[in-house]
Protein chains: 2
Amino acid sequence: MIRIGVDAMGGDNIPENVILGTAAYCASCISDTEVTLIGDKEKITEACQQNGLNPGNFCIEHASETIGMGEHPVESYMKKTDSSIVKGFRMLSDGRIDVFAGAGNTGAMSVGAVYGIRPLTGISKPCIPIVIPCLDGTFTVMLDVGMNPECKPDSLYQYAVLGSIYAKEYLKVQNPSVALLNIGAEEEKGSMALRETYKLLSYTKGINFKGNIEPREMFLSSKADVIVTDGFVGNIVLKVVEGVYDTLTAAGMKNEALEKFNYEMYGGTPVLGAGAPVVIGHGASSPLAISNMIKKAADTVRIGLIDKIKRSFENYGN
Amino acid sequence: MIRIGVDAMGGDNIPENVILGTAAYCASCISDTEVTLIGDKEKITEACQQNGLNPGNFCIEHASETIGMGEHPVESYMKKTDSSIVKGFRMLSDGRIDVFAGAGNTGAMSVGAVYGIRPLTGISKPCIPIVIPCLDGTFTVMLDVGMNPECKPDSLYQYAVLGSIYAKEYLKVQNPSVALLNIGAEEEKGSMALRETYKLLSYTKGINFKGNIEPREMFLSSKADVIVTDGFVGNIVLKVVEGVYDTLTAAGMKNEALEKFNYEMYGGTPVLGAGAPVVIGHGASSPLAISNMIKKAADTVRIGLIDKIKRSFENYGN
């Protein structure tokens, strides 16, 4: 039995969206999983009733506090010790759940993934990847997409390693190619941090470095299995795509190719480098995205992704 | 007569694309403009002949050197004194042309706009805006989109001022609203530079600051007349939009709403804060984009945009 803890108070329109998403997941899930909603019991019960759901059907772990989307990540994580996020990480750390998934304050989730449970040996900053589906059916892993808005070259270098392992284990790519997201193909382009990372990756054996890649080339077909960027730029890329998708959908367009850009479908993504399975959804999570986030959480445990990364990372470069 | 200098050696597939774009412009332009192609006379002549055009129909200013897209901006600008870019800025500075337009090495064009001609008084870093057309017919000015990949709060602050003036003069918006591009609406989000800029803009009289804006909200309708970001992130946003547009076009989609994202149509953008009219196109410029870049160059002189900015900036905050 895979025990999944879900932050009922994380994301937009809470706890309603999380409850509807969990109900949708449970209606379609394989019976080897058990979901615990972590959050304000009263609000969860009320939202269930308002949506015609029986609260008795859910396992609920009461958390009296909620970390809001706008709160300071470290401060709120330290102060709100009975919040759904802190409680989720405590349950994970205590072995009461096998994976913790939440679509709340990304900063606070990041603090939990770094301080609530320990990062894997050798990893300074865990990060969040996303798998981008290209038009021609190929895939690209982009990371970080939101955990660390400011990255020095050593972190970007670690993302290249983590992304390579993810592509290998998850997308079954042998010797995955790595590119650096930049505003030009030339080595000279971009910030000083990017120029230094470029050199670092060029000189590293074991990383199949292909140089810089521009966002323009990312979506048609996979030019690199792994695209490395800092969490600010990665998050901007994600949200631009969402913005264009929303706009074209609002204009009445409907098309299989356009649906490739519906990143909401993907729902959640594991934190790479964290010491235990953590899946982060994004703030504007619809019930559909929450349902997919919970599926991803179950898959992450099933695949044994974290252990695979851990073993590979320890041997990386040897 | 508006005298327009065009870098014949700037952009992709040169000089062919520039020549085809110039020919297209000349075929449709108002007779109050005169275009001079600046670049390698032999190559220009050859490309004309290969495309069935009479080289005698073009004014050509020979430049024996070319600054490539991958070259170091400052170094190449300093060394290649007979390059098309350096020559263009010299002609502009000497008053032989009224505006210089080029789609080549953005870094070298930036060096020219800063050192080849002087920035306007009080402006440390000239920048490039783009006008984003939203689905509902409204517009947003985003800046910088490529000149300065790394920006401190004082530069971002200046972009807010420059963007406000641009929106006022160009889009005829009274009291334009300004937002900061970020990965969340909350004041706490993003890099330290963004958090400091947020405070700076909040406390400044004369700037109609609306807080942070996420890229997701940018395209449906204009939530702010001006969106401020650094040149790296702005350029990434531009190229993500282009990438999605290219992909959907490749998938056979055709639609009026989708065409809004065809930023190639816009072709070029004036450098805000430069002391004389300079229009920069982007590297992947098709003949259509080059033609539109030349149109924008002519318009910039016709509108007297630079003088208007100069006067407004000197009085700004008074």
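Residues numbered from 1 in each chain as written. Chains lettered and ligands numbered in written order. Predicted model: local features only at pLDDT ≥ 70, side-chain atom pairs only at ≥ 80, totals over all residues. Heavy atoms only, no water.

Student: Can you break down the interface of chain B and chain A residue by residue, with the values?
Tutor: Taken together, the 46 residues of chain B in the interface contact 45 residues of chain A. Taking both sides of the interface into account, the surface hidden between chain B and chain A amounts to around 4,200 Å²; carbon and sulfur atoms contribute 73%. Considering only the side of chain B, the residues that lose the most area to chain A are Ile-183, Arg-216 and Phe-232 of chain B, jointly responsible for 18% of the buried surface there. On the surface where chain B and chain A come into contact, there are six salt bridges. The shortest N-O distance in the salt bridge between Glu-214 of chain A and Lys-239 of chain B comes to 2.5 Å. Here chain B is connected to chain A by 12 residue pairs in polar contact (both at pLDDT 80 or more). At the level of secondary structure, the elements contributing two or more residues to the side of chain B that touches chain A comprise helix H7 (192–202), helix H8 (231–250) and helix H9 (256–259) of chain B. Ranked by residues supplied to the side of chain B that touches chain A, first place goes to H8 of chain B with 15 residues. Here the residues of the side of chain B that touches chain A are counted per class, giving 25 nonpolar, 11 polar and 10 charged. (Contact = heavy atoms within 4.5 Å. Buried area = accessible area lost by both parts, 1.4 Å probe. Salt bridge = Lys/Arg side-chain N within 4 Å of Asp/Glu carboxyl O. Polar contact = N/O pair within 3.5 Å; in protein donor to acceptor, adjacent residues only side chain to side chain. Helix = DSSP H or I, 4+ residues; strand = E, 2+ residues; numbered from the N terminus. Nonpolar A, V, L, I, M, F, W, Y, C, P; charged D, E, K, R; others polar.)

Student: Break down the sheet that holds strand E10 (residues 268–270) of chain A for me, with residues and values.
Tutor: Either a parallel or an antiparallel arrangement is found when strands of a sheet pair, and the pairing is made through backbone hydrogen bonds. Residues and elements named next belong to chain A. Across the sheet, which stays open at both edges, the six strands sit in the order E3-E2-E1-E4-E11-E10 with mixed pairing between neighbours. Strands at the two margins of the open sheet, each flanked by one partner only, are strand E3 (59–62) and E10. Recorded for the sheet is a direction-independent mean angle of 25° between the axes of neighbouring strands. Note: strand E2 (residues 33–39) against E3, four bridges, orientation parallel. Following the sheet pairing, Ile-38 is matched in E3 by Glu-61. Taken strand by strand, helix H10 (residues 287–303) contacts strand E1 (2–7), E2, strand E4 (99–102), E10 and strand E11 (278–281), and its axis lies near 145° from that of E1. (Pairing = 2+ DSSP bridges. Axes fitted to C-alpha atoms, helices over the stretch in contact; angles between N-to-C directions.)

Student: For the relation of the copies chain B and chain A, give the residues involved together with the corresponding values.
Tutor: Overlay of chain B on chain A (RMSD 0.1 Å): rotation 180°, translation along the axis 0.0 Å. What we have between these two chains is a two-fold relation. Both copies share a contact surface, since 98% of the interface residues of chain B are interface residues in chain A too. (Least-squares fit on C-alpha atoms with pLDDT ≥ 70 in both.)

Student: An account of the sheet that holds strand E2 (residues 33–39) of chain B is requested, with residue identities and associated values reported.
Tutor: Residue and element names in this part refer to chain B. Within the open sheet, the six strands sit side by side as E3-E2-E1-E4-E11-E10. Their pairing is mixed. With partners counted over all chains shown, the strands left at the sheet margins are strand E3 (59–62) and strand E10 (268–270), one partner each. With strand direction ignored, the average angle separating the axes of adjacent strands in the sheet is 25°. Looking at chain direction, E10 and strand E11 (residues 278–281) are connected through three bridges and run antiparallel.

Student: Explain the side chain of Glu-242 of chain A to me, using residue names and the numbers behind them.
Tutor: Tracing the backbone through its elements, the reader meets Glu-242 of chain A in helix H8 (residues 231–250). At 3.3 Å, the side chain of Glu-242 of chain A and the side chain of Arg-216 of chain B are in polar contact.

Student: Give a detailed account of the packing of helix H1 (residues 16–28) of chain A against H10 of chain A, specifying residues and quantitative values.
Tutor: Residue and element names in this part refer to chain A. The geometry of H1 relative to H10 is characterised by a closest axis approach of 7 Å and an angle of 55° between their N-to-C directions. Judged by the angle between their axes, H1 and H10 are oblique. The element H1 and its partner H10 pack so that their crossing is right-handed. Here Asn-17, Val-18, Leu-20, Gly-21, Thr-22, Ala-24, Tyr-25 and Ser-28 of H1 lie close against H10, whose contacting residues are Pro-287, Ile-290, Ser-291, Ile-294, Lys-295 and Ala-298. Residue composition of the contact of H1 with H10, by class: eight nonpolar, five polar and one charged. (Parallel < 35°, antiparallel > 145°, perpendicular 65-115°, else oblique. Left-handed = near helix turned anticlockwise from the far one by under 90°.)

Student: Could you give an account of unusual backbone geometry, naming the residues involved and the relevant values?
Tutor: Of the consecutive residues Leu-143 of chain A and Asp-144 of chain A, the connecting peptide bond is found in the cis state with omega at -5°. Looking at the element boundaries, Asp-144 of chain A is found in the loop between strand E6 (139–143) and helix H6 (153–170). With an omega of -5°, the peptide bond running from Ile-14 of chain B to Pro-15 of chain B counts as cis. Mapped onto the elements, Pro-15 of chain B comes out in the loop between strand E1 (2–7) and helix H1 (16–28). Phi is positive for Lys-172 of chain B, close to 60°, though the residue is something other than glycine. Mapped onto the secondary structure, Lys-172 of chain B falls in the loop between helix H6 (153–170) and strand E7 (177–181). On the basis of relative accessibility, which here comes to 58%, the residue Lys-172 of chain B falls in the exposed class. Phi is positive for Asn-175 of chain B, close to 50°, though the residue is something other than glycine. You can see Asn-175 of chain B is positioned in the loop between H6 and E7. Here Asn-175 of chain B falls in the exposed class, since its relative accessible area comes to 52%. (Buried < 20%, exposed > 50% of the residue type's maximum accessible area, 1.4 Å probe, protein only.)

Student: For the packing of aromatic side chains, give the residues involved together with the corresponding values.
Tutor: Residue and element names in this part refer to chain A. Evaluated as defined, the whole model comprises eight aromatic pairs over all chains. Both rings, one in Tyr-198 and one in Phe-209, keep their centres 5.2 Å apart while their planes meet at 85°; by these two values the pair is edge-to-face. Residue Tyr-198 is located in helix H7 (residues 192–202), and its partner Phe-209 is located in strand E8 (residues 208–213); the two are separated by 11 residues in the primary sequence. Classification of Phe-209 by relative accessible area gives buried; the value is 16%. (Phe/Tyr/Trp six-rings, centres within 6.5 Å; stacked < 30°, edge-to-face > 60°.)

Student: Which residues make up the pattern of salt bridges, and what values do they have?
Tutor: As enumerated under the stated definition, the model contains 18 salt bridges over all chains in all. Notably, a salt bridge pairs Arg-216 of chain A with Glu-242 of chain B, separated by 3.3 Å at the nearest N-O pair. A residue pair is termed interchain when its members come from two chains, as with Arg-216 of chain A in the loop between E8 and strand E9 (226–228) and Glu-242 of chain B in helix H8. Across the pair Asp-32 of chain B and Arg-302 of chain B runs a salt bridge whose closest N-O atoms are separated by 3.0 Å.

Student: How would you explain the environment of Glu-16 of chain A if you had to name every residue and give the values?
Tutor: Residues and elements named next belong to chain A. Considering the arrangement of structural elements, one finds Glu-16 in helix H1. Residues Glu-16 and Gln-50, spaced 34 residues apart in sequence, show a C-alpha to C-alpha distance of 8.9 Å. Setting aside anything within four residues of it in sequence, one finds Glu-16 in contact with Ala-47 and Asn-51.

Student: Help me get a handle on the nonpolar core, residues and values and all.
Tutor: In terms of nonpolar packing, the biggest core is built from 154 residues, with Phe-89 of chain A together with Phe-89 of chain B touching the most fellow members. Residue contacts for Phe-89 of chain A: discarding those within four places in its chain leaves Tyr-77, Phe-100, Met-109, Gly-112, Ala-113, Gly-116, Ile-117 and Val-278 of chain A. (Core = buried A, V, L, I, M, F, W, Y, C linked by side-chain atoms within 4.5 Å.)

Student: Give me the environment of Leu-201 of chain B: which residues, what numbers.
Tutor: Residues and elements named next belong to chain B. In this structure, Leu-201 sits in helix H7. Looking at Leu-201, the relative accessible area reads 1%, which means it is buried. In sequence terms Leu-201 and Leu-162 are 39 residues apart; their C-alpha atoms lie 13 Å from each other. Discounting residues that sit within four places of it in the chain, Leu-201 has contacts with Tyr-157, Ala-160, Leu-180, Ile-207 and Phe-209.

Student: How would you explain the pairing of E7 of chain B if you had to name every residue and give the values?
Tutor: All names here are of chain B. With five of five residues buried, E7 lies mostly within the body of the structure. A two-sided burial pattern is seen for E7, the buried positions comprising Ser-177, Ala-179 and Leu-181 on one face and Val-178 and Leu-180 on the other. Sheet analysis places E7 next to strand E8 (residues 208–213), joined by four bridges and oriented parallel. By the bridge assignment for E8, Leu-181 is matched with Ile-213. For the crossover that starts at E7, traverses H7 and ends in the parallel E8, the hand is right-handed. In this sheet, strand E9 (residues 226–228) lies alongside E7 in parallel orientation, the contact comprising three bridges. Residue pairing for E9: Val-178 is matched across the bridge by Val-226. (Right-handed = clockwise from strand over helix to strand, strands pointing away.)

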